[in-house]
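Summary of structural features
Listed here are the chains, written in short residue letters.
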Amino acid sequence: MSETPILAAEDVTKHFHARDGVGRHVTVRAVENITLRLHRGRIAALVGESGSGKTTLARLLAQFYPVTSGEIRLRGEPVTGPDKRFAGEVQLVFQDPFASLNSLRRVEHNLRRALRLHAHPAADEDVRELLGKVNLTPEAEFARKLPHELSGGQRQRVAIARALAVRPSVLLGDEPISMLDVSIRLDVLNLLARLRDEEGLALLYITHDIASARYLSDDIFVMYAGQMIEGGPAESVIQRPKHPYTRLLIDSSPDPERAAGSSAFTVGEKLGEPPSLVDPPPGCRFHPRCPFAKDECRTEVPPRVEFPDGGWTTCWLHATRPEDTPTP
Ligand SMILES: Nc1ncnc2c1ncn2[C@@H]1O[C@H](COP(=O)(O)OP(=O)(O)OP(=O)(O)O)[C@@H](O)[C@H]1O
């Protein structure tokens with residue numbers, strides 16, 4: 001895509017320093033060498049098992065903490081820390097809507113506060129406009145409610161309205177539907193799709209559930225053990241997965257027709273636990289679980305291979321090494 005991305009992670013790495021079970025200092029390689037670009041009016045889904053680094057990547061994009069190496073860029077310019085301009089452009093929506101709402105104050109107070117923080121007017125009309133944008137009508141009635149008087153789905157809509165108060169250009173949704181009842185998940189996904197279409201927002205949708213990623217997103221990116229292993233237009237990733245791990249995610253996913261169904265993968269049950277991020281396997285990190293692993297998968301990092309359908313993967317099954325190419 002030629003247009004400058006609104007928000008981008010360019011070759012970003014994040015290592016955490018932590019202690020292991022017996023108190024030794026260890027380095028957790030949570031995210032390594034990832035490039036992810038978010039474009040106006042498009043939804044990118046980030047999919048992967050628990051612990052694959054999705055939240056860490058979203059938090060790097062949101063400037064929650066600094067990168068170990070690489071760069072976060074806003075409209076092409078490197079970002080050096082969270083400032084007011086950045087917060088006015090990039091907002092996070094959490095799994096738990098209570099995380100971003102003051103539960104002791106009415107909806108209107110929560111929204112007015114967010115509006116004022118970013119120097120927008122905070123008249124009744126502005127509050128009503130925000131509630132209308134997230135389909136909470138009659139607006140005046142919802143404005144008077146306390147967060148606990150709302151259903152989970154309504155609360156998540158208020159959290160989204162709060163994020164919209166600053167008129168951002170990017171929303172980062174970290175599993176925004178996984179705590180909601182299955183019956184209302186689709187409503188929230190449809191709301192996100194509408195915000196993309198009507199407001200031109202760039203959206204990152206983080207999920208365990210590849211079926212909901214297919215339903216909502218334009219592009220899908222797959223993370224495995226801190227690395228990005230496949231990406232491309234949603235339909236090409238779903239219809240023609242290139243990496244054996246992506247294939248496994250699709251096969252383990254609930255019925256794809258149930259777009260917002262269960263959020264649980266069964267990959268772990270089939271193949272055992274994902275690898276340690278303290279001491280990851282050499283070569284391709286997926287090789288210990290891969291039914292197709294070859295010798296080079298165990299020792300050499302696979303190169304990135306691009307496909308005519310716009311997809312790409314890092315996998316030795318698709319790569320040809322120079323020495324494998326027959327000489328004429
Ligand atoms: N502050 C931290 N200090 C040490 N390790 C961390 C920290 N934050 C995350 N990690 C580790 O980084 C790895 C990636 O975690 P992350 O939460 O990004 O994964 P995830 O894919 O979002 O998982 P989930 O879907 O369960 O939220 C995990 O091994 C996690 O334990």
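Residues numbered from 1 in each chain as written. Predicted model: local features only at pLDDT ≥ 70, side-chain atom pairs only at ≥ 80, totals over all residues. Heavy atoms only, no water.

Going by an unreviewed UniProt entry, the chain carries the name Oligopeptide transport ATP-binding protein OppF and comes from Nonomuraea coxensis DSM 45129.

**With respect to the overall build of the chain**
Convention followed: Only DSSP runs of H or I with at least four residues qualify as helices, and only runs of E with at least two residues qualify as strands; both kinds are numbered from the N terminus onward. Based on C-alpha atoms, the radius of gyration is set beside the globule rule, defined as 2.2 Å times the residue count to the power 0.38. Here's how the labels work: a residue is buried when its accessible area is under 20% of the maximum for its type, exposed when over 50%, partly exposed in between, all with a 1.4 Å probe on protein chains only.
Within the chain one finds twelve helices and twelve strands. Relative to its length of 328 residues, the chain is compact, with a C-alpha radius of gyration of 21 Å against a globular reference of 20 Å. If you line up the chain on its principal axes, its C-alpha atoms span 75 × 50 × 40 Å. By the burial criterion, 53% of the 328 residues in the chain qualify as buried.

**A short note on the sheet that holds strand β10 (residues 227–233)**
Condition: Pairing between two strands is assigned when DSSP locates at least 2 bridges connecting them. Comment: axis = line fitted to C-alpha atoms, over the contacting stretch for helices; angle = value between 0 and 180 degrees taken between N-to-C directions. Note on definitions: a residue-residue contact is assigned when non-hydrogen atoms from the two residues lie within 4.5 Å.
The sheet built from eight strands is open, its strands ordered β6-β7-β8-β3-β9-β10-β12-β11 with mixed pairing. Both edges of this open sheet fall to β6 (90–93) and β11 (304–306), since each of them pairs with a single strand only. Averaged over all adjacent pairs, the angle separating strand axes in this sheet is 20°, with direction ignored. Two strands pair when backbone bridges link them, and strand β3 (residues 43–47) and strand β8 (residues 202–207) are joined in this way by five bridges, in the parallel orientation. Its bridge partner lying in β8, Ala44 is registered against Leu204. Along the sheet, helix α6 (residues 152–164) contacts β6 and β7 (170–174); its crossing angle with β6, the most-contacted strand, is approximately 170°.

**Quick word on the site of the ligand**
Spelled out, the test is: Definition of nearness: a residue and a molecule or strand are near each other if at least one heavy atom of the residue lies within 4 Å of the molecule or strand. What qualifies as a polar contact is a pair of N or O atoms within 3.5 Å, subject to a donor-acceptor requirement within protein and to the restriction that residues adjacent in sequence count only when both atoms come from side chains. Shrake-Rupley sampling with a 1.4 Å probe provides the accessible areas, and residues are treated as covered by the protein chains on show and by no other component. Just so you know the grouping, Ala, Val, Leu, Ile, Met, Phe, Trp, Tyr, Cys and Pro go in nonpolar, Asp, Glu, Lys and Arg go in charged, and all remaining residues, Gly too, go in polar.
The full set close to the ligand counts 14 residues, and Ser50, Gly51, Lys54, Thr55 and Thr56 are the nearest of them. The separation between an oxygen atom of the ligand and a polar side-chain atom of Thr56 is 2.6 Å. Within the complex, the protein chains bury 63% of what would otherwise be the 640 Å² of accessible surface of the ligand. If you list the elements that add at least two residues to the shell around the ligand, you get β2 (25–38) and α1 (54–61). For the shell around the ligand, a count of residues per class yields four nonpolar, seven polar and three charged.

**What to know about empty space enclosed by the protein**
This is how the line gets drawn: Any residue with an atom within 4 Å of a point lines the site, the site being either a cavity, points on a 1 Å grid over the protein atoms alone where a 1.4 Å probe fits but cannot get out, or a pocket, an open set with protein on both sides within 12 Å along at least 5 of 7 lines. Grid points are joined across faces, edges and corners, and a volume is the space filled by probe spheres set on the points.
A complete count under the given rule lists two cavities of 30 Å³ or more for this structure. Taken as a whole, the largest cavity holds about 70 Å³ of empty space. Along the walls of the largest cavity sit His243, Pro244, Cys284, Phe286, His287, Cys290, Phe292, Ala293, Cys297, Cys315, Trp316 and Leu317, which together make up its complete lining. Residues of the lining of the largest cavity, tallied by class, amount to ten nonpolar, two polar and no charged.

**Some thoughts on the pairing of strand β9 (residues 219–224)**
Most of β9 is tucked away: six of the six residues are buried. Burial along β9 is two-sided: the face carrying Asp219, Phe221 and Met223 and the face carrying Ile220, Val222 and Tyr224 are both buried. Inspection of the sheet shows β3 paired to β9 by four bridges, in the parallel sense. Considered in β9, the bridge of Val47 is made with Val222.

**Quick notes on the pattern of salt bridges**
Our working rule: Here, a salt bridge means any side-chain nitrogen of Lys or Arg that lies within 4 Å of a carboxyl oxygen of Asp or Glu.
Throughout the structure, instances matching the rule amount to 24 salt bridges. Residue Glu49 pairs with Arg289 through a salt bridge whose shortest N-O separation is 3.2 Å. One end of the pair, Glu49, is in the loop between β3 and α1; the other, Arg289, is in the loop between α11 (267–271) and α12 (295–299), and 240 residues separate them in sequence. Take Glu49: its relative accessible area is 7%, and that puts it in the buried class. Of the residues examined, Arg289 reaches a relative accessible area of 7% and is grouped as buried. We note a salt bridge from Asp197 to Arg196, for which the minimum N-O separation is 2.9 Å. Residue Asp197 is classed as exposed on the basis of its relative accessible area, which comes to 55%. By sharing partners, the salt bridges in this structure join Glu108, Arg112, Asp124 and Arg144 into a single network.

**Regarding the pairing of β3**
With respect to burial, β3 is a largely interior element, five of its five residues being buried. By the alternation rule, side chains of β3 split into Ile43, Ala45 and Val47 and Ala44 and Leu46, which are all buried.

**Some remarks on the environment of Cys290**
Relative to the helices and strands, Cys290 is located in the loop between α11 and α12. Given a relative accessible area of 17%, Cys290 falls into the buried group.

**Topic: the packing of aromatic side chains**
Let me state the cut-off plainly: Only the six-membered ring of Trp is used, alongside the rings of Phe and Tyr, when aromatic pairs are assigned; centres must lie within 6.5 Å, and planes under 30 degrees apart are stacked while those over 60 apart are edge-to-face, with the rest tilted.
Scanning the entire structure with this criterion turns up five aromatic pairs. Residues Phe64 and Phe94 carry aromatic rings whose centres are separated by 6.5 Å and whose planes lie at 55° to one another, so their mutual orientation is tilted. Residue Phe64 is located in the loop between α1 and β4 (69–74), and its partner Phe94 is located in the loop between β6 and α3 (107–117); the two are separated by 30 residues in the primary sequence. The interplanar angle of 65° and the centroid separation of 5.4 Å between the aromatic rings of Tyr245 and Phe286 together place this pair among those described as edge-to-face. A residue pair is termed long-range when its members are at least 10 positions apart, and Tyr245 in helix α10 (residues 244–252) and Phe286 in the loop between α11 and α12 qualify at 41 residues. Judged by relative accessible area, which is 0%, Tyr245 ranks as buried.

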